[in-house]
Amino acid sequence: MNKLIETINLSYCYKAGTKEEVKALEDVNIAVWQGEIIAITGQNGSGKSTLARHFNGLLTPTTGSVLAGGMSTNLKENIREIRKIVGMVFQNPDNQLVSSIVEEDIAFGPENLGLPQTEIIERVEWALNTLKIEEHRREPLHNLSEGQKQQVAIAGVLAMKPDCIVLDEPTAHLDPRGRRDVLESIVRLNREEGITIVLLTHFMNEVIYCDRMIVMDQGSVKMQGTPHQIFCQSEHQKEQLHKMGLDYPVASQLAAGLKLEGFDIATDIIHTKELINSLCQLK
Amino acid sequence: MPIEVINLSHSYKIGTPFEHKVLHNISLSIKDSQFVGIIGPTRSGKTTLAQHFNALHIPKQGKILIDNEDTADKKTDLVKLRHRVGYVFQNPDYQLFAPTVGEDIAFGPSHQKLHRTEIDKLVQESMHQVGLDFDTFRNRDIFALSGGQKRRAAIAGVLACRPKVLVLDDITAGLDPRGREEILNVIKDLHQNQKITILFISNSMDEVALLAERIIVIDQGMIKMDDLTRNVFARTEELRSIGLELPEVTVALENLRSAGFHLPNGILSVDEAIEAIAAALQEKGAHH
Amino acid sequence: MELTKNITLGVYLPGETIIHRLDPRTKIIAATILIVMLLLSRSYIAYAAVAFFIAMIIVISAIPMGYALRGLKPMLPVLLLMWIFQLFLFRDSDTLVLFNWWIFEATEAGLHMGNLIILRVLFLFTVTTLLTLTTSVVSLTDGLENLLNPLRKVGVPSQELVMTLVIALRFVMILAEELEKIIKAQMARGVAFDQGNFIQKTKKIFPVFLPLFVSAFKRAEELIIAMESRSYTGGKGRTKMKTLHISRADLTAAITILIFTGLMIYINIATEPFI
């Protein structure tokens, strides 16, 4: 497997070189592997958004470097190519949609790439189908729910055929159905289209669908591993996660409680399915 | 201060090609010191309904009585009414308009012809209630607050008017787990210790399940359910069919049930769930 | 409290009428011709002709008349004020004095200037509103971009200008909705927007704009970042999903507008001003 994105000793300061300098990232060394779905989590202000914005060169390191598709974001001439590889979806769909009609907005990215007309139409079609929003293609955006708008935003990025999509808290302002639909789309893009996904989120029930996760706090990476490793029931781990303001997924909480009650249950449960398996073995 | 809604209907953009009806014949009543969750998909009309409670919308069809006062009555003093029924918006930036936290919280009481010392006392008390330290935050710039602190300041600004009812419109959206927990603790405390009626609009089924004693489900401008929290979340299929999800614990227990565990209905918290699963396991003779 | 209800500029009312289906370039050129003629005309008969012409367009495009004119409502107080100013302050050497009031005198020339300004503003606004009501923002952009393309050669960043316009139009509604929410949020805290006299009401409006500006800037910033990550680097090198086509309807429209232009020129030459 390839490293699609890699940060090397990345540090970043807002207003660098001035008196109001604020350190936002400190010595971050992580990699995003081709084909994986990785979660970045941490409290508001932990630096996860700042980190994500380095992945496609929206921000460039104060010191250190970021490689996307093997190209350094420090070099201006690479940025255009990098943005073809790494697409980005933001929290508020209203602030990222340019046009007011669904299919026209999805075409915006491919149009910027200067693709021939037939290819733009093909890609828009494909993106509409992949996100299952064909029926809304001619609709004005303000008729759609927030969840549907967010699907349009994802389709708009997808139509640029990136290798990787970075999503910055895409579900934070959605209703429950919208949240579920968007999560399903994200997972589907990864499993069926092979697109690498970087998901920034506060919701542990989203994190458990990821292959790996990174926990950030105060501008640096505090933990890295699979959700099973991170949510293991060691006292030390519990204390650390609590300190960083993170919850355990519900299945983990249930497992931990039952363990306390004296039942012999696995200590790395994160999915309800695993809890059921573990409970069934008790019988 | 009871709230009574009688046959309320509401339409937007009346007289334009975009006219649409958002509330159909809503009737309900809310007793003192209740904690009511209001849930429904986006655009179900829940916010429109809630904005009627403090006269941000005045009924054209139907009636709303707040403490037996008709909000459509010309004689009703709406400013006073809005002080008694506080409304906290999802986005705190809309509601905060003074430069510092202290000045902002003082805004409501300063329009009530109170003495300076009384106002100060109200500000201090409300800041205490939401867990913002008076000396630390009184002169703090509004823009320098974090997301969670801003929301608490917004709540304090409303509390300074001494409301009997508090309408909270999706106030935890976008907060991280710790920020959520802090806000929810404030709300719980206001309900339990100050006996304030809470109308809690939320997109998080988990929060509603944990806090509310009664839930009103709204879909397409109509009341679909109005019942005790346990009873509402027992109607899983109906909730799903109108596009709502279930609290995570409820979903987990549902899965356990279909795997053959005998678990009672209406469990809403992790602790209750653990107890019930433990009981079911012992019944099956699993070893401790 | 429904601000968005009275906003018609920038709103698109989808439809399938011949007016809706016209090539956006035809509509933009026609609107421009109409506006130019409005600014040049000084004859009331000419304005009556324009009013008739606009009414026909409204009927053909199946837009409810009340809705098409709704956007004028919020402007009326300002227009009335302008009319009074013109009536009393416009000076011309040999004009009839209509009546005196305190130190002011109302002249016939002032009356005509007042009327003219009101008519021009009203029609200007209606023509632009009609254009946006029957043309989606996207085809409006395509049309404008296409028409302004020759200007690129002399260094005018036409595509960027058009993009700015598109985004501005998209945000009119979002910001109006937001303003509504802010006003409500402040009303909820006891600001009585609905009480007091005109000056008191105006004073209360100011604190509303601070949060609106803050939010508008935040939105703009986020939008720029989003556009940047979608590889937008200005108009250069962009291609288009849709291309524009001239149809028979466009020819009919062009002929109609030409005949109407001729008629207007004739009216203005044949009649004295202010008749």
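Below: a short report on this structure. These numbers come from a predicted model, not from an experiment.

## Thoughts on the sheet that holds strand β1 (residues 3–12) of chain B
All names here are of chain B.
- The 4 strands lie next to each other as β2-β1-β4-β5, forming an open sheet whose pairing is antiparallel. One side of each edge strand has no neighbouring strand; the edge strands of this open sheet are β2 (20–30) and β5 (69–70).
- As defined by bridge partners, β1 adjoins β2 across 7 bridges and the pair is classed as antiparallel. Considered in β2, the bridge of Glu-4 is made with Ser-29.
- Of the strands in this sheet, β1, β2 and β4 (61–66) are in contact with helix α1 (residues 46–53), which crosses β2 at around 55°.

## Considering the sheet that holds strand β3 (residues 35–39) of chain B
All names here are of chain B.
- If you walk across this open sheet you meet the 6 strands as β6-β7-β8-β3-β9-β10, and the pairing is mixed. Two strands bound the open sheet, and with one partner strand each, they are β6 (85–88) and β10 (222–228). In this sheet, adjacent strand axes meet at a mean angle of 15° when their direction is disregarded.
- The sheet contact formed by β3 and strand β8 (residues 197–201) spans 4 bridges and is parallel. Bridged to Ile-38 within β8 is Ile-201.
- The sheet contacts of helix α7 (residues 147–159) involve β6 and β7 (165–169), and relative to β6 the element is tilted by about 165°.

## Considering the pattern of salt bridges
- By the definition in use, this model includes 40 salt bridges over all chains.
- Through salt bridges with shared partners, a single network forms among Glu103(A), Glu104(A), Glu125(A), Arg137(A), Arg138(A) and Lys242(C).

## Description of the interface of chain C and chain A
- Listed per partner, the contact involves 26 residues of chain C and 37 residues of chain A.
- Carbon and sulfur atoms supply 51% of the area buried between chain C and chain A, which totals about 2,900 Å² over both sides.
- Among the residues chain C hides against chain A, the three largest losses belong to Arg170(C), Arg230(C) and Met241(C). Together they make up 30% of the total.
- Inspection of the chain C/chain A interface yields 5 salt bridges.
- We note a salt bridge from Glu228(C) to Arg83(A), for which the minimum N-O separation is 3.5 Å.
- Connecting chain C to chain A are 18 residue pairs in polar contact (both at pLDDT 80 or more).
- For the side of chain C that touches chain A, the element with the most residues is helix α9 (residues 198–229) of chain C, which contributes 8 residues.

## Thoughts on the packing of helix α5 (residues 76–89) of chain C against helix α6 (residues 108–134) of chain C
Residue and element names in this part refer to chain C.
- Where α5 meets α6, the axes come as close as 7 Å, and the angle between the chain directions of the two elements is 155°. Judged on the interaxial angle alone, α6 and α5 are roughly antiparallel. Crossing geometry of α5 relative to α6 is assigned as right-handed. Seen from α5, the contacting residues are Leu-79, Met-82, Trp-83, Gln-86 and Leu-87; seen from α6, they are Gly-110, Leu-111, Met-113, Gly-114, Asn-115, Ile-117, Ile-118, Val-121 and Leu-122.
- Classifying every residue of the contact of α5 with α6 gives 10 nonpolar, 4 polar and no charged.

## Focus: the environment of Glu248(B)
- Secondary-structure assignment places Glu248(B) in helix α12 (residues 248–258).
- When its relative accessible area of 26% is taken as the criterion, Glu248(B) is described as partly exposed.
- Sequence-distant contacts of Glu248(B), defined by excluding residues within four places in its chain, comprise Asn205(A), Val250(A) and Asp206(B).

## Re the packing of helix α2 (residues 24–40) of chain C against helix α10 (residues 248–270) of chain C
Residue and element names in this part refer to chain C.
- Direction vectors running N to C along α2 and α10 enclose 5°, while the axes themselves pass 10 Å from each other. When the axis of α2 is compared with that of α10, the two are roughly parallel. Between α2 and α10, the residues in contact are Thr-26, Ala-30, Ile-33, Leu-34 and Met-37 and Asp-250, Ala-253, Ile-257, Phe-260, Thr-261 and Met-264, respectively.
- Broken down by class, the residue content of the contact of α2 with α10 amounts to 8 nonpolar, 2 polar and 1 charged.

## Thoughts on the packing of aromatic side chains
- In total, this model carries 10 aromatic pairs over all chains according to the counting rule given.
- For the ring pair Phe231(A) and Tyr248(A), a centre distance of 5.7 Å and an interplane angle of 55° mean the geometry is tilted. Highlighted residues: Phe231(A) in the loop between α8 (227–230) and α9 (235–243) and Tyr248(A) in the loop between α9 and α10 (250–260), separated in sequence by 17 residues. Side by side, Phe231(A) and Tyr248(A) carry an identical accessibility label, which is buried.
- Between Phe35(B) and Phe200(B) the ring centres are 5.9 Å apart and the planes differ by 55°, which places this aromatic pair in the tilted class. Note that Phe35(B) is positioned in strand β3 and Phe200(B) in strand β8, a separation of 165 residues in sequence.
- Residue Phe200(B) is classed as buried on the basis of its relative accessible area of 1%.
- One cation-aromatic arrangement involves Lys161(A) over Trp126(A); the distance from NZ or CZ to the ring centre is 5.0 Å.
- In this structure, Arg189(C) is placed above the aromatic ring of Phe97(B), and the distance from its NZ or CZ to the ring centre is 5.2 Å.

The rules behind the values
Residues numbered from 1 in each chain as written. Chains lettered and ligands numbered in written order. Predicted model: local features only at pLDDT ≥ 70, side-chain atom pairs only at ≥ 80, totals over all residues. Heavy atoms only, no water. Pairing = 2+ DSSP bridges. Helix = DSSP H or I, 4+ residues; strand = E, 2+ residues; numbered from the N terminus. Contact = heavy atoms within 4.5 Å. Axes fitted to C-alpha atoms, helices over the stretch in contact; angles between N-to-C directions. Salt bridge = Lys/Arg side-chain N within 4 Å of Asp/Glu carboxyl O. Buried area = accessible area lost by both parts, 1.4 Å probe. Polar contact = N/O pair within 3.5 Å; in protein donor to acceptor, adjacent residues only side chain to side chain. Parallel < 35°, antiparallel > 145°, perpendicular 65-115°, else oblique. Left-handed = near helix turned anticlockwise from the far one by under 90°. Nonpolar A, V, L, I, M, F, W, Y, C, P; charged D, E, K, R; others polar. Buried < 20%, exposed > 50% of the residue type's maximum accessible area, 1.4 Å probe, protein only. Phe/Tyr/Trp six-rings, centres within 6.5 Å; stacked < 30°, edge-to-face > 60°. Lys NZ or Arg CZ within 6 Å of the ring centre and 35° of its normal.

Bear in mind that shape data such as this cannot, by itself, settle questions of function.
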